[in-house]
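# Understanding the architecture of this molecule
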Amino acid sequence: MAIKVYGSMFSTATLRVLLCLAEKDLDFELINVDLASGENKTPHMLSRSPFGHIPAFEDGDIKLFDSRAITQYISRTYTDKGTDLITKEPKKAAMESVWMEVEAHEFDPVTKKLAWELCMKRFLFGQKGDEVVVNAEKKKLECVLDVYEARLSESKYLGGDSFSLADLHHAPMIKFMMGTQMKEVFDARPCVSAWVVNILSRPACVKIFSVPAY
């Protein structure tokens, strides 16, 4: 039975799952969820994702929600396919887990706020972003990326010497940030900048990010 992803190309969480599937060379069906009409809150979606978030995921008889849980399921289930995204070596696995947590709790919140102010307000409501909020969140991003710069000066990837979910989870929001003035914050840090170029040039990223959102 084919893997099904219920989501939207406008959703960084959906893109996170699609990137993982692409890295694993797995076929899937993307079923578009119309966020503008509130389809994610309808009964047929709430039966798959009870909090109304996307993506929802089906693989045979297993049904999951939460993009980071989904990517871990894919990586652990399809170990014989594509890129190895989770190591089995305990110390390396611990480091990958640390940076997956950092992405979820330090990187994603600040970049989400910036994406909202810089792009989504204008796109959805025709409103200009709040410069006070943007400047405050930019300072937070600079502090976060200073920590990343230190880490990436020691290793090519966040989890160690090989690409892993710790890196992949960042890719959708990094791609989004590269289209805003926040690009300069990444570019100002040479190790972070090289890491960004490395990630975004991966075949899976090129493939998924070239799919039109409309």
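Structure: above.
A brief look at the structure comes next. Fair warning: this is a prediction, and the values are worked out from it, not measured in the lab.

Helix and strand content of the chain: 10 helices and four strands. Scanning the chain from its N terminus toward the C terminus, one meets helices and strands in the order β-α-β-α-β-β-α-α-α-α-α-α-α-α. The globule rule puts the C-alpha radius of gyration for 214 residues at 17 Å, and the 17 Å found for the chain is close to it. Contacts spanning at least 24 positions in sequence make up 67% of the contacts within the chain whose residues lie at least 6 apart. Taken as a whole, the chain presents about 10900 Å² of accessible surface, with 56% of it coming from carbon and sulfur.

Turning next to the environment of Phe28. You can see Phe28 is positioned in strand 2 (residues 28-32). Distance from Phe28 to Phe57, taken between C-alpha atoms, is 10 Å for residues 29 residues apart in sequence. Ignoring any residue separated from it by four or fewer positions in sequence, one finds Phe28 in contact with Ile3, Leu18, Leu21 and Ile208.

We now examine the side chain of Glu58. Tracing the backbone through its elements, the reader meets Glu58 in strand 3 (residues 56-59). Of note is the side chain of Glu58, whose polar atom sits 2.7 Å from the side chain of Arg48. Not counting chain neighbours up to four residues away, the residues in contact with Glu58 comprise Ala2, Ile3, Lys4, Tyr6, Arg48 and Lys63.

This part is about the sheet that holds strand 3. The strand order 2-1-3-4 describes an open sheet built from four strands, whose pairing is mixed. Edge positions in the open sheet fall to strand 2 and strand 4 (62-65), since each of these has one partner strand only. The sheet shows a mean angle of 20 degrees between the axes of neighbouring strands, direction not considered. Taken together, the four bridges between strand 3 and strand 4 define a ladder with antiparallel strand orientation. Opposite Phe57, over in strand 4, you have Leu64 as the bridge partner. Docked against the sheet, helix 1 (residues 12-23) engages strand 1 (3-7), strand 2 and strand 3, running at close to 160 degrees with respect to strand 1. Along the sheet, helix 3 (residues 67-77) makes contact with strand 3 and strand 4, crossing strand 4 at roughly 140 degrees.

Time to look at helix 1. Between its first and last C-alpha, helix 1 extends 16 Å over 12 residues, near the 16 Å set by a 1.5 Å rise per residue. With respect to burial, helix 1 is a largely interior element, 12 of its 12 residues being buried. Within helix 1 the residues assigned to the buried category are Thr12, Ala13, Thr14, Leu15, Arg16, Val17, Leu18, Leu19, Cys20, Leu21, Ala22 and Glu23. One or two steps after helix 1, the chain reaches Asp25, where phi turns positive at roughly 55 degrees.

This next bit is on unusual backbone geometry. The residue after Ile54, namely Pro55, is reached through a cis peptide bond having omega 5 degrees. As for its position among the elements, Pro55 is in the loop between helix 2 (43-46) and strand 3. The residue Asp25 is not glycine, and still its phi comes out positive at about 55 degrees. Here Asp25 is to be found in the loop between helix 1 and strand 2. The phi torsion at Asp66 lies on the positive side, around 85 degrees, for a residue other than glycine. Its place among the elements puts Asp66 in the loop between strand 4 and helix 3.

With 22 residues, helix 5 (residues 131-152) extends 30 Å between its outermost C-alpha atoms, agreeing within 8% with the 32 Å of an ideal straight helix rising 1.5 Å per residue. Among the residues making up helix 5, those that are buried are Val134, Glu137, Leu141, Val144, Leu145, Tyr148, Glu149, Arg151 and Leu152. Buried residues of helix 5, viewed axially, fall in a sector of 155 degrees; they line one side. Within helix 5, the exposed residues directed more than 90 degrees away from the buried face are Val132, Lys139 and Cys143. For helix 5, the capping residue at the N-terminal end is Asp130, with a side-chain oxygen 2.9 Å from the backbone nitrogen of Val132.

The rules behind each value
Residues numbered from 1 in each chain as written. Predicted model: local features only at pLDDT ≥ 70, side-chain atom pairs only at ≥ 80, totals over all residues. Heavy atoms only, no water. Helix = DSSP H or I, 4+ residues; strand = E, 2+ residues; numbered from the N terminus. Rg over C-alpha atoms; globule rule 2.2 N^0.38 Å. Contact = heavy atoms within 4.5 Å. Areas by Shrake-Rupley, 256 points an atom, 1.4 Å probe, with all protein chains shown as cover. Polar contact = N/O pair within 3.5 Å; in protein donor to acceptor, adjacent residues only side chain to side chain. Pairing = 2+ DSSP bridges. Axes fitted to C-alpha atoms, helices over the stretch in contact; angles between N-to-C directions. Expected span 1.5 Å × (residues − 1). Buried < 20%, exposed > 50% of the residue type's maximum accessible area, 1.4 Å probe, protein only. Arc of directions from axis to C-beta.

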